[in-house]
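As a plain string of letters, each chain reads:
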Amino acid sequence: MTVRVGVIGAGWIGKEHIRRLTDTITGTRVTVVTDIDAARAEEGAAPAGARVVPDGAAVVAADDVDAVLVTSWGPTHAEHVLNAIAAGKPVFCEKPLATTAEDCLKIVEAETAHGRRLVQVGFMRRYDAGYRQMKQVIESGRVGEPLVVHCAHRNPTVPESYTSAMAALDTAVHEVDVLRWLLDDEIVSTQVVTPRSTSKRFEHLKDPQIMLFETVKGVRVDLEVFVNCQYGYDIQCEVVGEEGLVRLPDPAAVGVRTAGRHSTEVLTDWVGRFVDAFDTEFREWIANLAAGNGPTGPSAWDGYAATVITAATVEALESGRVIATDLEPRPAFYGGAA
């Protein structure tokens, strides 16, 4: 079966996913594209030989669309995902699932009423080989019960449009999701500590930030978000257990010895760091749909949890207080208590 995909949003990430579905992933074809900018829609559709339609509703309604990919502006996500659920079509939504907890819960309720999973959220770190190896080690019990997690998310620079709140909403959101998955645990509180700011930042930005999370089981997480570190794109994660620890490996890189130095390259952007994870994410999504199954990746509930936790983290930053996440009880539909 060839899975025909309609794409809503032909910005940079939309075009990248169209390329991926056209040139890298087998068993799929992009058939329909839309964007608020008609010229950009035409540009995105051309490499796939897809046709352009005027809006997201037309993508969802198209007879030659089996599944929907949402890569539009964040505040529009809820509308498109809800339309796809109403049409009974699987939908892959890049993060955020929605920009408010209320809209996320509307999606959760709509999918639950449908009775079958249709929604997958684009948290690609769950598909990274290193994180998957860490998950296997933790689940095997080799390092004992997790006690503490140390993380870092560093970018060389960010544009002036980047705000202090985006450290949680756009950057730490990836750690929030992958840590919930790694630990099979829920985050119940969040706090932000702001050390001395780097002189390399724009004046309005608090950078770096130290985010402190606590889980239901009492695991403590510290996350350094430093988006003007200058030296590269650097993702670190170490889980300390009762009997050992497991650490995320750095990307493979050759060692170079020259002029009295031994060096290895540091990646400079997230695209290179997680390109294989993106490919695996879409390969598995398409394979599940082609087999007649629903998506098995990050769910609408995971999208809801990430939105609530990152919003609480912004509140913690602005207030200086420890903020409870106050998540709703997880429905049985998503593996919660009956």
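Up top you'll find the structure we're talking about.
Reading the values: the criteria
- Residues numbered from 1 in each chain as written.
- Predicted model: local features only at pLDDT ≥ 70, side-chain atom pairs only at ≥ 80, totals over all residues.
- Heavy atoms only, no water.
- Core = buried A, V, L, I, M, F, W, Y, C linked by side-chain atoms within 4.5 Å.
- Buried < 20%, exposed > 50% of the residue type's maximum accessible area, 1.4 Å probe, protein only.
- Helix = DSSP H or I, 4+ residues; strand = E, 2+ residues; numbered from the N terminus.
- Contact = heavy atoms within 4.5 Å.
- Salt bridge = Lys/Arg side-chain N within 4 Å of Asp/Glu carboxyl O.
- Lys, Arg positive; Asp, Glu negative; His and termini not counted.
- Pairing = 2+ DSSP bridges.
- Right-handed = clockwise from strand over helix to strand, strands pointing away.
- Expected span 1.5 Å × (residues − 1).
- Polar contact = N/O pair within 3.5 Å; in protein donor to acceptor, adjacent residues only side chain to side chain.

S.K.: I'd love a proper account of the nonpolar core, names of residues and values included.
M.R.: Counting 79 residues, the largest nonpolar core has Val-81, Leu-97, Val-119, Tyr-131, Val-149, Met-211 and Cys-237 as the members making the most contacts within it. If you tally residues by element for this core, the top one is helix α9 (residues 300–319), at 11 residues. Residue contacts for Leu-97: discarding those within four places in its chain leaves His-77, Ala-78, Val-81, Cys-104, Ile-107, Val-119, Val-121, Ala-300, Gly-303 and Tyr-304. Counting residues in hydrophobic clusters, the runner-up holds 19 residues, among them Val-7, Phe-282, Trp-285 and Ile-286.

S.K.: Summarise the pattern of salt bridges; cite the residues concerned and give the values.
M.R.: Overall, the coordinates contain 24 salt bridges when judged by the stated rule. A salt bridge links Asp-128 to Arg-273; the nearest nitrogen and oxygen atoms lie 3.0 Å apart. Placement of the pair is Asp-128 in the loop between β6 (119–121) and α6 (129–140) and Arg-273 in helix α8 (residues 270–290), with a sequence separation of 145 residues. Arg-273 carries the same exposure label as Asp-128, and that label is buried. Note that Glu-214 is salt-bridged to Arg-220, the shortest N-O span being 3.4 Å. Among the charged side chains, a salt-bridge network with shared partners connects Arg-126, Asp-177, Arg-180, Glu-186, Asp-302 and Arg-330.

S.K.: Requested: an account of the side chain of Glu-281, with residues and values cited.
M.R.: Turning to its location among the elements, Glu-281 is positioned in helix α8. With no salt bridge to any partner, buried Glu-281 finds its closest opposite charge in Arg-20, at an N-O distance of 6.7 Å. Residues in contact with Glu-281, not counting those within four places in the same chain, are Phe-92, Gln-120, Val-121, Gly-122, Phe-123, Met-124 and Tyr-127.

S.K.: Break down the environment of Pro-208 for me, with residues and values.
M.R.: If you trace the backbone, Pro-208 turns up in the loop between β8 (187–193) and β9 (209–215). What makes Pro-208 buried here is its relative accessible area of 13%. C-alpha separation for the pair Pro-208 and Thr-194, spaced 14 residues apart in sequence, amounts to 6.7 Å. Residue contacts for Pro-208: discarding those within four places in its chain leaves Thr-194, Pro-195, Arg-196, Ser-197, Thr-198, Val-225 and Phe-226.

S.K.: Can you tell me about the pairing of strand β1 (residues 3–8), naming the residues and giving the values?
M.R.: With 5 of its 6 residues buried, β1 lies for the most part within the structure. Sheet topology note: the β1/strand β2 (residues 28–34) ladder contains 6 bridges and is parallel. Residue pairing in the sheet places Gly-6 in a bridge with Val-32 of β2. Read from β1 through helix α1 (residues 12–23) to β2, the crossover connection turns out right-handed. Bridge count between β1 and strand β4 (residues 67–70): 4 bridges; the pairing is parallel. Paired with Gly-6 across the strands is Val-68, a residue of β4.

S.K.: I'd like a description of α9, backed by residues and values.
M.R.: The terminal C-alpha atoms of α9 lie 29 Å apart, and with 20 residues this matches the ideal 28 Å at 1.5 Å per residue to within 8%. Sitting at the amino-terminal end of α9 is Ser-299, which places a side-chain oxygen 3.2 Å from the backbone nitrogen of Trp-301. Backbone geometry just after α9 places Gly-320 at a positive phi near 75°.

S.K.: Before we move on, could you go through the pairing of β2 and cite the residues and values that matter?
M.R.: Where burial is concerned, most of β2 is hidden: 6 out of the 7 residues are buried. The pairing of β2 with strand β3 (residues 51–52) spans 2 bridges and is classified as parallel. Bridge assignment links Val-33 to a residue of β3, and that residue is Val-52.

S.K.: Describe the environment of Val-188, listing the residues and the values that go with them.
M.R.: Along the polypeptide, Val-188 turns up in strand β8. Looking at Val-188, the relative accessible area reads 31%, which means it is partly exposed. Along the primary structure Val-188 and Gly-6 are separated by 182 residues, whereas in three dimensions their C-alpha atoms are 37 Å apart. In contact with Val-188, other than residues within four places in its own chain, are Glu-214, Thr-215, Val-216, Ile-323, Ala-324 and Thr-325.

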